[in-house]
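Spelled out from the first residue to the last, the chains are:
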Amino acid sequence: MIYGYKTVYHVAPASLNPTSASAAMLASLGIPERPTDTVGAALWDSIYGHPLHFAVPPPTIVADTGVSSGNKQSSNWSGYEENSGTYTYALSGWVEPTDGYTSCNPNSAVFWVGTGGDGNSHLHQAGTGQNTPGLAQDQAWSELLPEQASLIPQALYTAPGDQFDSIIHDHTNNNTTDVWMEDITTGQVVSFTSNVSGFGTGTAEQIAERPTVNGSLPGFTNFQSINFDGNYVDSGYIHNYTRSTFTMWNGSDQLTGLTGLSGPYDAFTDTHIRCG
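None of the values given here were measured: they were computed from a predicted structure.

Some words on the layout of surface pockets
Phase 1: Its volume calculated, the largest pocket comes out at about 470 Å³.
Phase 2: For the largest pocket, the lining is made up of 27 residues, of which Pro32, Tyr48, Tyr89, Ile167 and His169 are closest to its centre.
Phase 3: For the lining of the largest pocket, the secondary structure elements donating two or more residues are helix 1 (23-28), helix 2 (38-48), strand 5 (89-95), strand 10 (163-171), strand 11 (176-183) and strand 12 (188-195).
Phase 4: Per-element tally for the lining of the largest pocket: the top contributor is helix 2, with six residues.
Phase 5: Considering only residue class, the lining of the largest pocket consists of 15 nonpolar, eight polar and four charged.

Examining the environment of proline 32
Phase 1: Locating proline 32 in the fold gives a position in the loop between helix 1 and helix 2.
Phase 2: Measuring from C-alpha to C-alpha, the distance between proline 32 and serine 20 comes to 13 Å, with twelve residues separating the pair along the chain.
Phase 3: Proline 32 has contacts with Leu26, Trp44 and Tyr48, leaving out every residue within four places of it along the chain.

Things to note about the state of the cysteines
Phase 1: If you walk through the whole model with that rule in mind, you get one disulfide.
Phase 2: A sulfur-sulfur distance of 1.9 Å marks the disulfide that ties cysteine 104 to cysteine 275. Where cysteine 104 bonds to cysteine 275 through sulfur, the torsion about that S-S bond is close to 70°, and the disulfide is right-handed. In this pair, cysteine 104 sits in the loop between strand 5 and strand 6 (107-116) while cysteine 275 sits in the segment after strand 20 (268-272), placing the two residues 171 residues apart along the sequence.
Phase 3: By relative accessible area, cysteine 275 is classed as buried at 8%.

Things to note about the pairing of strand 17 (residues 243-250)
Phase 1: Across two bridges, the pairing between strand 3 (residues 73-74) and strand 17 is parallel. Residue pairing in the sheet places serine 74 in a bridge with methionine 248 of strand 17.
Phase 2: Across four bridges, strand 4 (residues 77-82) lies against strand 17 in antiparallel orientation. Each bridged residue has a counterpart across the sheet, and for glutamate 81 the counterpart in strand 17 is serine 244.
Phase 3: In terms of strand pairing, strand 17 meets strand 18 (residues 253-254) through two bridges, oriented antiparallel. By the bridge assignment for strand 18, tryptophan 249 is matched with glutamine 254.
Phase 4: If you look at the hairpin formed by strand 17 and strand 18, you'll find two residues sitting between the two strands, and glycine 251 has a positive phi there, around 65°.

Description of the nonpolar core
Phase 1: Core analysis: the biggest nonpolar cluster contains 33 residues, and Phe111, Val179, Met181, Val190, Phe223 and Val233 have the highest contact counts within it.
Phase 2: At the level of secondary structure, the elements contributing two or more residues to this core comprise strand 5, strand 6, strand 8 (139-145), strand 10, strand 11, strand 12, strand 13 (204-209) and strand 15 (225-233).
Phase 3: Those residues in contact with valine 233, other than ones at most four positions away along the chain, are Glu82, Tyr87, Tyr89, Ala90, Ala204, Gln206, Ile238 and Tyr241.
Phase 4: Judged by nonpolar contacts, the second largest core, of 17 residues, contains Ile47, Leu52, Tyr89 and Val189.

Calculation notes
- Residues numbered from 1 in each chain as written.
- Predicted model: local features only at pLDDT ≥ 70, side-chain atom pairs only at ≥ 80, totals over all residues.
- Heavy atoms only, no water.
- 1 Å grid on protein atoms, 1.4 Å probe; cavity = no way out; pocket = protein on both sides within 12 Å on 5 of 7 lines; lining within 4 Å.
- Points joined across faces, edges and corners; volume = space filled by probe spheres on them.
- Helix = DSSP H or I, 4+ residues; strand = E, 2+ residues; numbered from the N terminus.
- Nonpolar A, V, L, I, M, F, W, Y, C, P; charged D, E, K, R; others polar.
- Contact = heavy atoms within 4.5 Å.
- Disulfide = S-S within 2.5 Å.
- Buried < 20%, exposed > 50% of the residue type's maximum accessible area, 1.4 Å probe, protein only.
- Pairing = 2+ DSSP bridges.
- Core = buried A, V, L, I, M, F, W, Y, C linked by side-chain atoms within 4.5 Å.

Below, the structure is given as structure tokens:
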């Protein structure tokens, strides 16, 4: 139980290879069946088409990092938001960036994909963090607000240069959310299903965030730049949806810059400009 809500972690046989696993095994682990269309199959192969090693459940819960939403200029979010439909599935991947020198102290950054949170108290998110209280450097985490009022560290550790993928899949028919996180470079996986009280289906996001620490916003860690790729929600890549961009500002000072979408999987680059 996490904050009174049942959470079931998926632990597979050693070195599970989804390409040869049965449909029942895939379903029990929260892995979708391989699509039949070419683009969907290629994306599935990039995420699941190799041996996987599932991490153990987290031993502890850490202090609340806090989340708030914004409009096209935000004090804490930088990235893309889709907001023209109902979203129950969000996928994104990135190469874990390198923590460069940051003159602001303290400083922190988290990178995530999620659903909800903008104008809604239900925000389901999962990703990685740098210089974040309660996390080791480049450790995976998840947070399902408002049920989990704290960031949950996961037993999955990535490293700068590793390819990391994250998926949020909400099931409105039975009030559960599947979370899938994988270091593609090492094949390490965290996968679990958690009971939730509701959903923020009006938006989906791919975000670099300056998280609230001890009630205030710290400096923004100099991650230099991060490339979000494979940006997919529900039934298509995000160029198919009405969307907004968030750039991060501290008063009149711009902290981040964004590119437009590019390539077959709607990649974009989020660039650090200053820490605060």
